[in-house]
Amino acid sequence: AQKITQTQPGMFVQEKEAVTLDCTYDTSDPSYGLFWYKQPSSGEMIFLIYQGSYDQQNATEGRYSLNFQKARKSANLVISASQLGDSAMYFCAMRETIYNQGGKLIFGQGTELSVKP
Amino acid sequence: EAEVAQSPRYKITEKSQAVAFWCDPISGHATLYWYRQILGQGPELLVQFQDESVVDDSQLPKDRFSAERLKGVDSTLKIQPAELGDSAMYLCASSFGQFGEQYFGPGTRLTVT
(Lines give C-alpha, C1' and ligand atoms only; values in the text may rest on other atoms or scores of the structure.)
Protein backbone atom coordinates (compact mmCIF):
# COMPACT_ATOMS: atom_id res chain seq x y z
CA ALA A 1 0.00 0.00 0.00
CA GLN A 2 1.09 3.52 -0.68
CA LYS A 3 2.30 5.50 2.30
CA ILE A 4 3.71 8.94 3.06
CA THR A 5 5.85 9.58 6.15
CA GLN A 6 6.69 12.96 7.61
CA THR A 7 8.87 12.44 10.65
CA GLN A 8 9.07 16.05 11.86
CA PRO A 9 5.92 17.02 13.81
CA GLY A 10 7.27 20.55 14.30
CA MET A 11 10.11 22.70 13.00
CA PHE A 12 11.46 26.14 13.87
CA VAL A 13 13.39 28.37 11.51
CA GLN A 14 14.75 31.89 11.77
CA GLU A 15 13.31 34.45 9.38
CA LYS A 16 15.32 34.73 6.13
CA GLU A 17 16.97 31.34 6.63
CA ALA A 18 16.32 28.20 4.58
CA VAL A 19 14.51 25.16 5.96
CA THR A 20 14.05 21.58 4.77
CA LEU A 21 10.91 19.58 5.53
CA ASP A 22 11.34 15.84 5.21
CA CYS A 23 9.08 13.44 3.34
CA THR A 24 9.57 9.78 2.49
CA TYR A 25 7.17 7.65 0.53
CA ASP A 26 6.49 4.04 -0.25
CA THR A 27 4.90 2.72 -3.43
CA SER A 28 5.31 -0.13 -5.86
CA ASP A 29 3.78 1.90 -8.68
CA PRO A 30 6.48 3.09 -11.14
CA SER A 31 4.36 6.11 -12.07
CA TYR A 32 3.35 8.52 -9.34
CA GLY A 33 3.18 12.17 -8.41
CA LEU A 34 4.41 13.92 -5.30
CA PHE A 35 2.92 17.13 -3.96
CA TRP A 36 3.47 19.60 -1.17
CA TYR A 37 0.61 21.61 0.29
CA LYS A 38 0.59 24.42 2.84
CA GLN A 39 -2.27 24.70 5.33
CA PRO A 40 -2.47 27.92 7.33
CA SER A 41 -4.51 28.07 10.51
CA SER A 42 -7.51 29.19 8.44
CA GLY A 43 -7.72 25.68 7.03
CA GLU A 44 -7.44 25.89 3.26
CA MET A 45 -4.91 23.65 1.49
CA ILE A 46 -2.62 25.66 -0.77
CA PHE A 47 -0.75 23.83 -3.53
CA LEU A 48 2.97 24.60 -3.49
CA ILE A 49 4.88 22.26 -5.79
CA TYR A 50 4.65 19.04 -7.81
CA GLN A 51 7.18 16.40 -8.85
CA GLY A 52 6.44 13.57 -11.24
CA SER A 53 8.21 10.26 -10.80
CA TYR A 54 9.69 10.47 -14.30
CA ASP A 55 10.81 14.08 -14.04
CA GLN A 56 14.56 14.31 -14.48
CA GLN A 57 15.00 17.62 -12.72
CA ASN A 58 13.95 18.72 -9.27
CA ALA A 59 10.86 20.93 -9.30
CA THR A 60 11.14 24.58 -8.29
CA GLU A 61 8.47 27.22 -7.71
CA GLY A 62 9.77 30.54 -6.51
CA ARG A 63 11.16 30.06 -3.00
CA TYR A 64 10.06 26.41 -2.96
CA SER A 65 12.12 23.55 -4.33
CA LEU A 66 11.65 19.82 -4.08
CA ASN A 67 14.71 17.68 -3.40
CA PHE A 68 13.67 14.47 -5.16
CA GLN A 69 15.81 11.40 -4.48
CA LYS A 70 14.02 8.57 -6.21
CA ALA A 71 16.31 5.74 -5.08
CA ARG A 72 15.87 6.80 -1.46
CA LYS A 73 12.14 7.46 -1.98
CA SER A 74 12.38 10.90 -0.50
CA ALA A 75 10.81 14.19 -1.62
CA ASN A 76 11.93 16.89 0.76
CA LEU A 77 10.62 20.44 0.51
CA VAL A 78 13.15 23.25 0.75
CA ILE A 79 11.92 26.74 1.54
CA SER A 80 14.52 29.43 0.96
CA ALA A 81 14.56 32.84 2.68
CA SER A 82 11.79 31.99 5.15
CA GLN A 83 9.14 34.61 5.83
CA LEU A 84 6.82 35.03 8.81
CA GLY A 85 3.91 34.16 6.53
CA ASP A 86 5.42 30.73 5.94
CA SER A 87 4.33 29.65 9.42
CA ALA A 88 1.78 26.88 8.77
CA MET A 89 1.26 23.13 8.52
CA TYR A 90 2.94 21.53 5.53
CA PHE A 91 1.71 18.29 4.03
CA CYS A 92 3.48 15.96 1.65
CA ALA A 93 1.15 13.91 -0.55
CA MET A 94 1.37 11.22 -3.18
CA ARG A 95 -1.07 10.61 -5.99
CA GLU A 96 -2.07 7.17 -7.11
CA THR A 97 -1.92 6.68 -10.85
CA ILE A 98 -3.61 3.33 -11.23
CA TYR A 99 -5.98 3.71 -14.16
CA ASN A 100 -9.65 3.80 -13.28
CA GLN A 101 -8.88 3.80 -9.58
CA GLY A 102 -8.81 7.53 -9.40
CA GLY A 103 -6.22 10.13 -8.63
CA LYS A 104 -6.75 10.51 -4.92
CA LEU A 105 -4.01 12.03 -2.82
CA ILE A 106 -2.51 10.17 0.11
CA PHE A 107 -1.24 12.60 2.71
CA GLY A 108 1.39 12.42 5.40
CA GLN A 109 0.79 13.54 8.98
CA GLY A 110 2.15 17.00 8.35
CA THR A 111 4.92 19.21 9.75
CA GLU A 112 4.14 22.40 11.62
CA LEU A 113 6.61 25.10 10.64
CA SER A 114 7.13 28.15 12.85
CA VAL A 115 9.19 31.06 11.53
CA LYS A 116 10.82 33.19 14.22
CA PRO A 117 11.40 36.92 13.66
CA GLU B 1 -8.56 33.54 -10.13
CA ALA B 2 -11.05 30.64 -10.11
CA GLU B 3 -11.60 29.00 -6.74
CA VAL B 4 -13.41 26.05 -5.22
CA ALA B 5 -16.33 27.29 -3.13
CA GLN B 6 -17.61 25.56 -0.02
CA SER B 7 -20.37 26.32 2.42
CA PRO B 8 -20.90 26.63 5.26
CA ARG B 9 -17.42 27.47 6.56
CA TYR B 10 -18.35 26.42 10.07
CA LYS B 11 -21.09 24.14 11.36
CA ILE B 12 -22.00 23.13 14.89
CA THR B 13 -24.57 20.40 15.25
CA GLU B 14 -25.81 18.03 17.91
CA LYS B 15 -25.21 14.33 17.58
CA SER B 16 -27.98 12.40 15.82
CA GLN B 17 -28.85 15.47 13.72
CA ALA B 18 -28.44 15.65 9.95
CA VAL B 19 -25.89 17.97 8.37
CA ALA B 20 -25.04 18.83 4.77
CA PHE B 21 -22.07 20.48 3.08
CA TRP B 22 -21.95 22.03 -0.36
CA CYS B 23 -19.09 22.34 -2.83
CA ASP B 24 -18.85 24.17 -6.15
CA PRO B 25 -15.69 23.19 -8.05
CA ILE B 26 -13.70 25.32 -10.45
CA SER B 27 -15.59 25.68 -13.71
CA GLY B 28 -14.63 22.97 -16.17
CA HIS B 29 -13.17 20.62 -13.57
CA ALA B 30 -14.68 17.21 -14.13
CA THR B 31 -13.15 15.53 -11.10
CA LEU B 32 -14.35 16.38 -7.60
CA TYR B 33 -13.06 15.05 -4.30
CA TRP B 34 -14.34 15.16 -0.73
CA TYR B 35 -11.67 14.69 1.96
CA ARG B 36 -12.03 14.52 5.73
CA GLN B 37 -9.29 15.88 7.95
CA ILE B 38 -9.31 14.99 11.62
CA LEU B 39 -7.41 17.46 13.82
CA GLY B 40 -3.69 16.75 13.78
CA GLN B 41 -3.82 14.44 10.76
CA GLY B 42 -3.60 14.70 7.01
CA PRO B 43 -6.76 14.64 4.87
CA GLU B 44 -8.21 11.30 3.80
CA LEU B 45 -10.40 10.76 0.76
CA LEU B 46 -14.08 10.08 1.40
CA VAL B 47 -15.40 10.09 -2.16
CA GLN B 48 -14.28 10.96 -5.68
CA PHE B 49 -16.52 11.88 -8.61
CA GLN B 50 -15.74 11.92 -12.30
CA ASP B 51 -18.52 14.10 -13.72
CA GLU B 52 -21.62 12.72 -11.99
CA SER B 53 -20.26 9.22 -11.43
CA VAL B 54 -18.62 7.94 -8.27
CA VAL B 55 -15.07 6.72 -8.96
CA ASP B 56 -14.03 5.85 -5.41
CA ASP B 57 -16.14 5.76 -2.26
CA SER B 58 -14.32 2.93 -0.54
CA GLN B 59 -13.63 5.02 2.59
CA LEU B 60 -17.08 6.59 2.82
CA PRO B 61 -19.07 5.30 5.85
CA LYS B 62 -22.13 4.54 3.79
CA ASP B 63 -24.39 3.81 6.73
CA ARG B 64 -24.44 7.50 7.60
CA PHE B 65 -22.67 9.41 4.82
CA SER B 66 -23.97 10.11 1.34
CA ALA B 67 -22.64 12.21 -1.51
CA GLU B 68 -24.09 13.30 -4.79
CA ARG B 69 -23.14 15.32 -7.84
CA LEU B 70 -26.33 15.15 -9.84
CA LYS B 71 -25.45 17.37 -12.82
CA GLY B 72 -21.72 16.82 -12.69
CA VAL B 73 -21.06 20.30 -11.35
CA ASP B 74 -21.63 21.09 -7.68
CA SER B 75 -21.79 18.44 -4.99
CA THR B 76 -23.39 17.82 -1.61
CA LEU B 77 -22.03 15.67 1.20
CA LYS B 78 -24.53 14.63 3.86
CA ILE B 79 -24.17 13.02 7.27
CA GLN B 80 -27.21 11.49 8.96
CA PRO B 81 -27.09 10.98 11.86
CA ALA B 82 -23.98 12.87 12.94
CA GLU B 83 -21.76 11.32 15.61
CA LEU B 84 -19.20 12.91 17.92
CA GLY B 85 -16.40 11.29 15.92
CA ASP B 86 -17.48 13.13 12.79
CA SER B 87 -16.03 16.38 14.14
CA ALA B 88 -13.42 17.31 11.55
CA MET B 89 -12.60 19.59 8.64
CA TYR B 90 -14.34 18.56 5.42
CA LEU B 91 -12.38 19.63 2.36
CA CYS B 92 -13.56 19.67 -1.22
CA ALA B 93 -11.10 19.65 -4.11
CA SER B 94 -11.39 19.64 -7.87
CA SER B 95 -9.14 18.91 -10.81
CA PHE B 96 -9.41 19.20 -14.57
CA GLY B 97 -8.82 15.50 -15.11
CA GLN B 98 -8.46 12.38 -13.05
CA PHE B 99 -4.73 12.96 -12.55
CA GLY B 100 -4.64 16.72 -12.68
CA GLU B 101 -3.51 19.11 -10.00
CA GLN B 102 -6.08 19.31 -7.21
CA TYR B 103 -7.29 22.68 -5.97
CA PHE B 104 -8.88 22.80 -2.54
CA GLY B 105 -11.70 24.89 -1.17
CA PRO B 106 -11.59 26.63 2.22
CA GLY B 107 -13.21 23.67 3.96
CA THR B 108 -16.12 23.25 6.35
CA ARG B 109 -15.17 22.85 10.00
CA LEU B 110 -17.76 20.59 11.63
CA THR B 111 -18.21 20.30 15.39
CA VAL B 112 -20.62 17.69 16.72
CA THR B 113 -21.72 18.20 20.33
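Predicted model only: the values in this text are computed from it and were never measured.

(A) Layout of the state of the cysteines. Under the criterion given, the structure shown has two disulfides over all chains. Between the sulfur atoms of C23(A) and its disulfide partner C92(A) the distance amounts to 2.0 Å. Residues C23(A) and C92(A) share a disulfide whose torsion about the S-S bond is about -65 degrees; that sign makes it left-handed. Separated by 69 residues along the polypeptide, C23(A) in the loop between β3 (19-21) and β4 (24-26) and C92(A) in strand β10 (residues 88-95) bring together distant segments of the chain. Since its relative accessible area comes to 0%, C23(A) is described here as buried. Here C23(B) engages in a disulfide with C92(B); their sulfurs sit 1.9 Å apart. Since a negative S-S torsion denotes a left-handed disulfide, the C23(B)-C92(B) link at about -70 degrees is left-handed. Of this pair, C23(B) sits in strand β3 (residues 19-24) while C92(B) sits in strand β9 (residues 88-95), and the two are 69 residues apart along the sequence. Neither C23(B) nor C92(B) differs from the other in exposure class; each is buried.

(B) Local environment of the side chain of Q102(B). For Q102(B), the location among the structural elements is in the loop between β9 and β10 (103-104). The class of Q102(B) is buried, set by a relative accessible area of 1%. Here the side chain of Q102(B) touches Y35(B) through a polar contact of 2.9 Å, side chain to side chain. Beyond its immediate stretch of four places on either side in the chain, Q102(B) contacts Y37(A), G103(A), K104(A), L105(A), Y33(B), Y35(B), A93(B), S94(B) and S95(B).

(C) Focus on the pattern of salt bridges. Residue and element names in this part refer to chain A. Summed over the entire model, instances satisfying the criterion amount to seven salt bridges over all chains. Where D26 meets K73, a salt bridge forms, and the shortest distance between an N and an O atom there is 3.6 Å. With D26 in strand β4 and K73 in the loop between β8 (64-69) and β9 (74-79), this pair connects stretches of sequence that are 47 residues apart. Residue class for D26 comes out partly exposed when judged on its relative accessible area of 40%.

(D) Molecular detail of the packing of aromatic side chains. Tallying each qualifying case throughout the model produces 13 aromatic pairs over all chains. Note on F35(A) and Y37(A): the rings are 6.3 Å apart at their centroids and 25 degrees apart in plane angle, and the pair reads as stacked. Per residue, the accessibility class of F35(A) equals that of Y37(A), and both read buried. The structure contains a cluster of three or more aromatic residues connected by ring pairs, namely F35(A), Y37(A), F47(A), Y50(A), F91(A), F107(A), Y33(B), Y35(B) and F104(B).

(E) Seen up close, the layout of surface pockets. When its volume is computed, the largest pocket comes out at roughly 420 Å³. Together, 22 residues line the largest pocket, and Q39(A), Q37(B), L39(B), G40(B) and R109(B) are the ones closest to its centre. Contributions of two or more residues to the lining of the largest pocket are made by β10 and β12 (111-116) of chain A together with β9 and β11 (108-112) of chain B. The residue inventory of the lining of the largest pocket, partitioned by class, reads 10 nonpolar, 10 polar and two charged.

(F) Broad picture of the interface of chain B and chain A. Facing the 23 residues of chain B at the interface are 23 residues of chain A. Both faces considered, chain B and chain A share a buried interface measuring about 1700 Å² in area, 52% of it formed by carbon and sulfur atoms. The salt bridge partner of D56(B) is K104(A), with a shortest N-O separation of 4.0 Å. The interface formed by chain B and chain A contains three residue pairs in polar contact (both at pLDDT 80 or more). The biggest single contributor to the side of chain B that touches chain A is strand β4 (residues 31-37) of chain B, with three residues. Of the residues assigned to the side of chain B that touches chain A, the class counts are 10 nonpolar, nine polar and four charged.

Cut-offs and rules
Residues numbered from 1 in each chain as written. Chains lettered and ligands numbered in written order. Predicted model: local features only at pLDDT ≥ 70, side-chain atom pairs only at ≥ 80, totals over all residues. Heavy atoms only, no water. Disulfide = S-S within 2.5 Å. Helix = DSSP H or I, 4+ residues; strand = E, 2+ residues; numbered from the N terminus. Buried < 20%, exposed > 50% of the residue type's maximum accessible area, 1.4 Å probe, protein only. Polar contact = N/O pair within 3.5 Å; in protein donor to acceptor, adjacent residues only side chain to side chain. Contact = heavy atoms within 4.5 Å. Salt bridge = Lys/Arg side-chain N within 4 Å of Asp/Glu carboxyl O. Phe/Tyr/Trp six-rings, centres within 6.5 Å; stacked < 30°, edge-to-face > 60°. 1 Å grid on protein atoms, 1.4 Å probe; cavity = no way out; pocket = protein on both sides within 12 Å on 5 of 7 lines; lining within 4 Å. Points joined across faces, edges and corners; volume = space filled by probe spheres on them. Nonpolar A, V, L, I, M, F, W, Y, C, P; charged D, E, K, R; others polar. Buried area = accessible area lost by both parts, 1.4 Å probe.

Keep in mind these values describe shape, not function.
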